[in-house]
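# Examination of the molecular architecture
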Amino acid sequence: MLTAIYSVEDARRIARLKMPKLVFDYIDGAAGDEGANLRNQRSLNQIKLLPRVLVNVDEKQLTKKCLNHQWGLPFGIAPMGMCNLAHPKGDRLLAQAATRLNIPHCLSTMSSSSIEDVGKWANGNAWFQLYMGQSEEQAMSLVERARKAGYQNLILTVDVPEVAPRRRDMRNGFKSPLKIGPRQFLDFALHPLWSIPTLVAGAPSLGNFAEGEFDRDAKRGLADWHFLDRLRTEWQGKLIVKGVLSPEDAVRIRDAGVDGIYVSNHGGRQLGSAPAAIEQLPKIRKAVGDELCLIFDSGVRDGEGVVKALAMGADFVMLGRSLSYGMGANGEEGLNQVLDLIINEIQLTLAQLGCADIEQIGPQMLVE
Ligand SMILES: Cc1cc2nc3c(=O)[nH]c(=O)nc-3n(C[C@H](O)[C@H](O)[C@H](O)COP(=O)(O)O)c2cc1C
């Protein structure tokens with residue numbers, strides 16, 4: 001089996017061979033005809049950066065300030081539900097990587113492990129991502145748990161008023177908790193490298209809820225402007241709103257007093273005909289001004305992608321599927337290989353741009 005990982009695409013290919021189709025498709029898939037996911041990557045690929053020469057770039061600085069904190073790198077880990085499907089210890093591996101690299105790890109409401117456990121594993125690097133589920137009270141009780149567990153940054157995800165149809169999941173009969181009929185059983189049996197460790201660890205479930213307490217497929221449209229105001233009043237830490245693509249929304253969210261806006265199209269997993277998130281980023285930067293912290297994700301698959309997002313107006317970048325592919329391909333080693341690869345690519349990109357400090361990346365490095 002191919003095991004060397006020289007790119008995120010290599011990790012994706014290995015993960016695809018190892019994982020049951022149902023699991024790989026849950027991670028890899030997107031909404032509708034998957035156009036938004038393709039557009040994310042295509043648009044990032046089309047951005048060109050201008051090499052500069054004769055600058056001493058022997059010593060490079062990759063540390064990045066975001067939300068009043070000095071992070072070890074310019075990127076962190078995007079919130080992803082059910083990470084223990086990628087690897088039985090998925091949440092834990094991500095939290096430990098975050099601690100090792102001094103980067104943020106955004107824990108999803110729909111994580112496989114609890115807010116409290118991940119808070120300990122991530123050692124102060126965990127941010128909590130909130131979905132408004134069945135009720136405002138349920139959401140606020142999660143917020144209270146995050147506060148008690150010492151989380152300082154809260155991300156409210158607002159681009160899932162309803163869960164978009166993911167056709168691969170529908171075809172594969174993907175359900176949470178997993179429902180195992182004959183087709184799924186065969187899929188698992190054909191992928192023992194995934195199934196045996198997962199079976200030994202026990203089928204992943206939602207770490208923050210008792211069974212049946214949070215319905216993944218239920219509507220999540222209760223999050224509105226009123227709820228944002230309530231959160232702003234009651235949450236004393238940093239507040240970030242995730243899933244913003246409209247400059248007009250961004251201005252109103254800024255005016256509601258948030259600390260940051262997270263520009264994202266959910267990796268193309270929500271509105272199939274959404275624009276590439278990277279195309280909206282400079283428009284949102286222009287609309288909200290230079291001061292507000294902008295975080296970006298959707299489609300980043302390499303170190304150049306991280307640098308491009310910074311050049312397009314982001315203060316910080318999050319990686320989603322790239323890390324799940326790494327874990328799916330080869331557990332902790334695969335995750336670390338992907339992380340090292342991306343870090344190395346960022347350094348190489350800085351060298352080519354004649355830029356020794358990641359803080360100096362800006363639109364002047366883009367080619368029109
Ligand atoms: C398997 C999976 C689960 C996700 N679960 C969540 C989630 O629970 N909450 C959330 O805000 N975003 C979730 N996302 C979206 C990610 O936070 C992020 O926006 C997206 O993965 C970025 O796109 P990329 O994977 O192409 O980099 C999920 C994405 C994936 C791939």
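That block above? That's the structure.
## Comments concerning the overall build of the protein
Helix and strand content of the protein: 14 helices and 12 strands. Radius of gyration (C-alpha) of the protein: 20 Å, near the 21 Å computed for a compact globule of 368 residues. C-alpha extents for the protein along the principal axes are approximately 60 × 50 × 40 Å. The burial tally for the protein puts 57% of its 368 residues in the buried class. Sequence separation of at least 24 residues holds for 74% of the intrachain contacts in the protein that already meet a minimum separation of 6. Here the protein has roughly 16100 Å² of accessible surface; of this, 52% comes from carbon and sulfur atoms. In the protein, 42 side chains carry a positive charge and 43 a negative one; their mean positions are 3 Å apart.

## Comments concerning the state of the cysteines
Evaluated as defined, the whole model comprises 0 disulfides. Free cysteine C66: the closest other cysteine sulfur is in C293, separated by 3.7 Å. Unpaired in terms of disulfides, C83 finds its nearest cysteine sulfur in C106, a separation of 11 Å. Using a relative accessible area of 4% as the deciding quantity, one classes C83 as buried.

## Details of the packing of aromatic side chains
By convention here, two paired aromatic rings are described through the distance between centres and the angle between planes. On inspection of all chains with the given rule, the structure shows 6 aromatic pairs. Centre to centre, the rings of Y26 and F174 are 4.6 Å apart; their planes meet at 5 degrees, and the pair counts as stacked. Of this pair, Y26 sits in helix α2 (residues 21–28) while F174 sits in the loop between α7 (167–172) and α8 (182–189), placing them 148 residues apart in sequence. Members of the aromatic cluster, connected to one another through ring pairs, are W71, W127 and F316. For K242, the ring lying beneath its charged end belongs to Y262, and the centroid distance is 5.1 Å.

## Considering the site of the ligand
Near the ligand, the surroundings consist of 21 residues, among which P79, S108, T157, D297 and R321 are the closest. In the model, an oxygen atom of the ligand is placed 3.4 Å from a nitrogen or oxygen of the S264 side chain.

## Quick look at the nonpolar core
Ranked by size, the top nonpolar core spans 108 residues in total, and within it F75, L130, I261 and I361 carry the most contacts. Broken down by element, the residue count for this core peaks at 13 residues, all from helix α14 (residues 321–353). Once you skip the residues sitting within four places of it in the chain, F75 turns out to touch I103, P104, F316, V317, L319, L339, I342, I343 and I346. Counting residues in each nonpolar core, the second largest holds 13 residues, with C106, W127, C293 and M318 among its members.

## Some thoughts on the packing of helix α4 (residues 90–101) against α14
Here α4 crosses α14 at 15 degrees, and the two axes come no closer than 11 Å. The pairing of α4 with α14 is recorded here as roughly parallel in orientation. As for how α4 packs across α14, the hand of that crossing is right-handed. Touching G90, L93, L94, Q96, A97, R100 and L101 of α4 are L323, M327, G331, E332, L335, N336, L339 and I343, all from α14.

## Notes on the pattern of salt bridges
Tallying each qualifying case throughout the model produces 16 salt bridges. Note that D25 and K21 form a salt bridge whose closest N and O atoms lie 2.7 Å from each other. Within this pair, D25 and its partner K21 are both found in helix α2, separated by 4 residues, close to a single helical turn. Between E144 and R147 there is a salt bridge whose closest N-O contact spans 2.6 Å. Of this pair, E144 and R147 both sit in helix α6 (residues 136–148), 3 residues apart, which is roughly one turn of that helix. Residue R147 is classed as partly exposed on the basis of its relative accessible area of 47%. Among the charged side chains, a network of salt bridges with common partners joins E9, R12, K21, D25, D28, E34 and R168.

## Side note on the environment of I346
Counting through the fold element by element, I346 comes out in helix α14. The exposure class of I346 is buried, given its relative accessible area of 0%. Taking C-alpha positions, I346 is 9.6 Å from L73, a pair spaced 273 residues apart along the chain. Ignoring anything within four residues of it in the chain, the contact list for I346 reads L62, P74, F75, G303, V306, V307 and I358.

## A short note on the pairing of strand β6 (residues 126–130)
Counting buried positions over the 5 residues of β6 gives 5, a clear majority of the element. After leaving strand β5 (residues 105–107), the chain enters helix α5 (residues 115–122) and then returns to the sheet as β6, a path that is right-handed. Where β6 meets strand β7 (residues 153–157), 3 bridges bridge the pair, whose relative direction is parallel. Looking across to β7, one finds that L130 is bridged to L156. In this fold, the crossover linking β6 to β7 by way of α6 has right-handed handedness.

Conventions adopted
- The residue count restarts for each chain, going from 1 along the sequence in the order it is written.
- Totals for whole chains, interfaces and linings use all residues, but because this is a predicted model, local features are given only for residues with pLDDT of at least 70 and pairs of side-chain atoms are given and counted only at 80 or more.
- Processing note: side-chain calculations cover all non-hydrogen atoms of the structure and skip hydrogens and water entirely.
- Each helix is a run of H or I in the DSSP string that is no shorter than four residues. Each strand is a run of E no shorter than two, and both are numbered from the N terminus.
- Only C-alpha atoms enter the radius of gyration, while the globule expectation follows 2.2 Å times N to the 0.38, with N the number of residues.
- Whether a residue is buried, partly exposed or exposed follows from its accessible area with a 1.4 Å probe, protein chains only, as a fraction of its type maximum: under 20%, in between, or over 50%, in that order.
- Only heavy atoms matter for contacts: two residues are in contact if any of them lie within 4.5 Å across the pair.
- In these tables, accessible area is a Shrake-Rupley quantity obtained with a 1.4 Å probe, and a residue counts as shielded only by the protein chains included in the view.
- In this tally, Lys and Arg are treated as positive and Asp and Glu as negative; His is ignored, and so are the chain termini.
- Every charge is mapped to an atom, namely NZ of Lys, CZ of Arg, CG of Asp or CD of Glu.
- In what follows, a disulfide is any cysteine sulfur pair within 2.5 Å.
- Each aromatic pair joins two rings of Phe, Tyr and Trp (for Trp, the six-membered one) with centres within 6.5 Å, and gets the label stacked for planes under 30 degrees apart, edge-to-face for over 60, and tilted for any other angle.
- Distance and angle both matter: a charge sits over a ring if NZ of Lys or CZ of Arg is within 6 Å of the ring centre and within 35 degrees of the ring normal.
- Residues are classed as near a molecule or strand on a simple rule: at least one heavy atom within 4 Å of it.
- In the analysis that follows, any N or O atom pair within 3.5 Å is treated as a polar contact, provided that within protein one partner can donate a hydrogen and the other can accept it, and provided that, for residues neighboring in sequence, both atoms belong to side chains.
- Note on terminology: a nonpolar core comprises buried Ala, Val, Leu, Ile, Met, Phe, Trp, Tyr and Cys residues joined through side-chain atoms within 4.5 Å.
- Only the contacting stretch of a helix is used when fitting its axis, a line to C-alpha atoms as for every element, and angles between N-to-C directions run 0 to 180 degrees.
- Here roughly perpendicular refers to angles of 65 to 115 degrees, roughly parallel to angles under 35, roughly antiparallel to angles over 145, and oblique to all remaining angles.
- Two helices crossing with the near one rotated counterclockwise from the far one by less than a right angle form a left-handed crossing, whereas a clockwise rotation gives a right-handed crossing.
- Salt bridges are identified by distance alone: a Lys or Arg side-chain nitrogen within 4 Å of an Asp or Glu carboxyl oxygen.
- For a crossover, the right-handed case is the one in which the path from the first strand over the helix to the second runs clockwise, viewed with the strands pointing away from the viewer.
- For two strands to be treated as a pair, DSSP must find at least two bridges joining them.

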